[in-house]
Amino acid sequence: MRKRHGSYWANDKDLSRNDTLNTKSTMYQYRLILLVCSLFLLRFDAVSAESPEPKIVRSWDFHDEQAAKDWGTVCDLENITHANGIYRATVSGNDPFFISPLLDFPANGFQYVEIRLKTNSGGQGELFFTGNLEGQHGGFSQQKSLTWTALGDDCWHVYRIYPDWLGEGTIRKIRIDFPIPVYRDGGKPTLEISSIRIAEPVQESPAPVQPNWTFSGDTAGWHAGDQTTVEKTGNGWKLTSQDGTLPTVETGLIAFEDGKRDVWLSLELQNNGAKTAKIEWVCDLGKVGTFELPLRKDKQSHWYNFDISKRKIANGKTHWMKITLAPEGGVVKALLLSDKPQGPADLEVEKIWFSEPINRMGKTVPVSIRLKNFGGQPTTDSGIRDIVLSRNLGVSSERKWNDFPVAEPMQTVTHTIDLEAIAPGEAKVSLRLTGETASKENETATTTIYPNLNLPKADYVPEPKPVRSEYEIGAFYFPGWAKASQWERIRSTYPERKPVLGWYDEGNPEVIDWQIKWAVENGMQFFLVDWYWSAGHQQLDHWVNGFQKARYKSYLKWAVMWANHNGPGSHSEEDQEKVTRFWIDNYFKTPEYYQIDGKPVVMIWSPEGMDNDIIALERAKGNELKKGEGVKKLLNLSRKAARDAGLKGIYFIAMKWPEASNDAKDIQWLADAGFDMTSIYHYMDHGAEAVDPRRFPFELVVKSSLKNWQGSEKTGILPFLPNLSTGWDSRPWHGYDNIIIDDRTVDQFRRICRDYVHFASESGVKRFAFGPLNEWGEGSYIEPNLEYGFGMYETIREVFCEKPSDGWPLNFTPSDVGLGPYDLE
């Protein structure tokens, strides 16, 4: 897997999107915020400044035939040609890269690698660097690398990568890895390169600056990027771009140090409609940072205040900054580093939602409004006006609309109002805030009011009524929800993901019995459960322990999905014997354990980790193993232990990496290692159709799924367990600096299911898994929840199952039968 993140940008006259990656350290990310904001302001004042020419450390222009020879060490690149100043190649495998000639120059923290590239297959690439030529890979290692992202729009872009290589002292070689290819309709990805260069700013020493700017004064040191225009307005600096490209501004070398007492960085900005802006900088010792800044959705002027008191780097200084806006641009008015947030009270509705997953007629229907004061003064006159309710809602007398708590500067508060559900159907609330500084936008929330079922009170979870299917349907399950603290980042940021079971303790057998009931009544028959063991230490086993105590465990099968992506050295033959003995003694002989071909199933997350550890141990003994032979020793050891215990063996499924790849090489080595089947945990690919591979709609996942299954089947090397995607949006965990797949709907999920029926009819593969079921933080979930209700589950049974003569089993909630709630305190 590609691991270490760095910072890069793509910028050139053809550029239509800008993308950055995470810094390797959260601390650096937050320091970035500080510099970031500075960046916003600074770029606007350098209206007349031209971009200074950098110092070129090394460069290769492919008009020169020698450049192609210099980069002659290649992997998984074929049909290489060199003509008219362009290096062209076809990507022939899943590890495409080429290596520079021998280099010899002193490293510093401001140098960058710049590539002018055109490709029809976007995604993440890597840059490796080394100051020595020793070791198995000639000095290259994963620890000395960083990722960058290419846009697969088949247009020319310049990608600038800041490698953070100061510690190497001298740079001897670099290696450029291109994105893992996506194969579609028999075609192979291509790439074209016109130039590569290593450069650095020309200034000998940074110019000191103070982060206190109003944009009617002097903010020297900033210059506009290519195709960017900066003009002075009556209240600040306006940044626009030409031809739909991204407006950018950056500094030369500067010196900017955090104050000892100044803890707030405040930016006044009028945004012209963009959702976010991106900022990059370089700090002391060459540490690179990047940050994606969410912007207010209106087009008004706002202060953006950031608390940097706990986000500093000891003795840290910033030496370079860049900011990138969306094509809409904006106006920067002021930037200030001080001891308090700036601006008047500025209240905005961050989110409005019906806060219970399932609402019934005749019951109380709570509506929650989360508000944030983005300003520097407390709110004084805020309330709600222009309230519009749909006809099937009434107002409860117990709560008042305008009983708002005071929001202090930069504080978030939640106000909940109880409504009454009068009649079934779609229900809607629309409102606006009062107050001079409050947002003037209309805010709306919708839900469905369902009829009251009038079910009798139950003493316990009613017994499941499984439905029949010709398919063998499973799901991947993540047991990460045993404490209130584990739910908090979901509850506080994306409350619409609230499960129908509430913010539950999934180790509670009664909760698990609800999960079993809903799963089998909607077509699922087995779970593959993330299971954690590292060198004898076990964790997150509460769901399995609770399942073994559940009343209805006989209705659902389960199996270990060993999440063994641990650190190097965590696998050994001795540890494999221990973990296998644990499986045999505790799981394999229970009737609920899932089997294929009469053998207990174990899915392995990291075959590579097992293989690498055993190869290293054998090498220390003087034995050299080939790829796959290390993990094969461990699988054989486990299978023998299972047979010795009276079992037929173990059916091992490998988690395949890269996940979307159908390349035979990525499967053949797993077959040679002795695996029985392959699968993947997520399918989050865009089928080479996303302009920005980090921001695209779920529709592209839907469109590309069928071809991915067909590609896996076509290899014919190993059976595979197809993955039916449940999405990806990990903002609760990672913020905006990650892949975001949005606009997921029940209808789109139904399309994936129907496409699988077509695939199964042509291939005969009728065993599959939804992946994953309940990754609430990663945004991969279909378990009944506030956002989709039972919609995803009911889609599964409608597409794949036989409808009973008396109709589908009724999906109802614990409260419908007087049980629950199960929320953790």
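Worth saying up front: this structure is predicted, and the values here are computed from it rather than measured.

### Considering the overall build of the chain
Move 1: Helix and strand content of the chain: 13 helices and 52 strands.
Move 2: By the burial criterion, 59% of the 825 residues in the chain qualify as buried.
Move 3: At a minimum sequence separation of 6, the contacts of the chain that also span at least 24 residues come to 79%.
Move 4: Put simply, the chain shows about 32700 Å² of open surface, and 46% of that area lies on carbon and sulfur atoms.

### Quick word on the layout of surface pockets
Move 1: Its boundaries defined by the atoms lining it, the second largest pocket holds a volume of some 550 Å³.
Move 2: If you go around the second largest pocket, you meet 26 residues; those closest to its centre are T447, T448, Y450, L786 and E787.
Move 3: Sorting the residues of the lining of the second largest pocket by element identifies β28 (347–354), β29 (359–360), β35 (443–450) and α13 (791–800) as the ones contributing at least two each.
Move 4: Counting residues per element, the lining of the second largest pocket draws most heavily on β35, at 6 residues.
Move 5: In terms of residue class, the lining of the second largest pocket is made up of 12 nonpolar, 8 polar and 6 charged.

### Here we look at the side chain of R750
Move 1: Along the polypeptide, R750 turns up in helix α12 (residues 746–763).
Move 2: For R750, a relative accessible area of 19% translates into the label buried.
Move 3: Residues within four places of R750 in sequence aside, it is in contact with T795, E798 and V799.

### Section: the environment of A641
Move 1: One can find A641 in helix α8 (residues 629–644).
Move 2: The spacing of A641 and T580 is 61 residues in sequence and 7.2 Å in space, taken between C-alpha atoms.

### Notes on the sheet that holds strand β34 (residues 425–433)
Move 1: If you walk across this open sheet you meet the 4 strands as β29-β35-β34-β31, and the pairing is mixed. Across the chains shown, the open sheet's two edge strands, defined by having one partner strand only, are β29 and β31 (384–389).
Move 2: Where β29 and β35 come together, 2 bridges link them in parallel fashion. Pairing of N359 across the sheet is with I449, part of β35.

### Thoughts on the pairing of strand β13 (residues 173–177)
Move 1: Burial within β13 is extensive, with 4 of its 5 residues counted as buried.
Move 2: When strand β6 (residues 97–99) meets β13, the two strands line up antiparallel, connected through 3 bridges. Bridge pairing in β13 links I99 to R175.
Move 3: Two strands pair when backbone bridges link them, and strand β9 (residues 123–130) and β13 are joined in this way by 5 bridges, in the antiparallel orientation. When the bridges of β13 are listed, L127 appears paired with I176.

Conventions and cut-offs
Residues numbered from 1 in each chain as written. Predicted model: local features only at pLDDT ≥ 70, side-chain atom pairs only at ≥ 80, totals over all residues. Heavy atoms only, no water. Helix = DSSP H or I, 4+ residues; strand = E, 2+ residues; numbered from the N terminus. Buried < 20%, exposed > 50% of the residue type's maximum accessible area, 1.4 Å probe, protein only. Contact = heavy atoms within 4.5 Å. Areas by Shrake-Rupley, 256 points an atom, 1.4 Å probe, with all protein chains shown as cover. 1 Å grid on protein atoms, 1.4 Å probe; cavity = no way out; pocket = protein on both sides within 12 Å on 5 of 7 lines; lining within 4 Å. Points joined across faces, edges and corners; volume = space filled by probe spheres on them. Nonpolar A, V, L, I, M, F, W, Y, C, P; charged D, E, K, R; others polar. Pairing = 2+ DSSP bridges.

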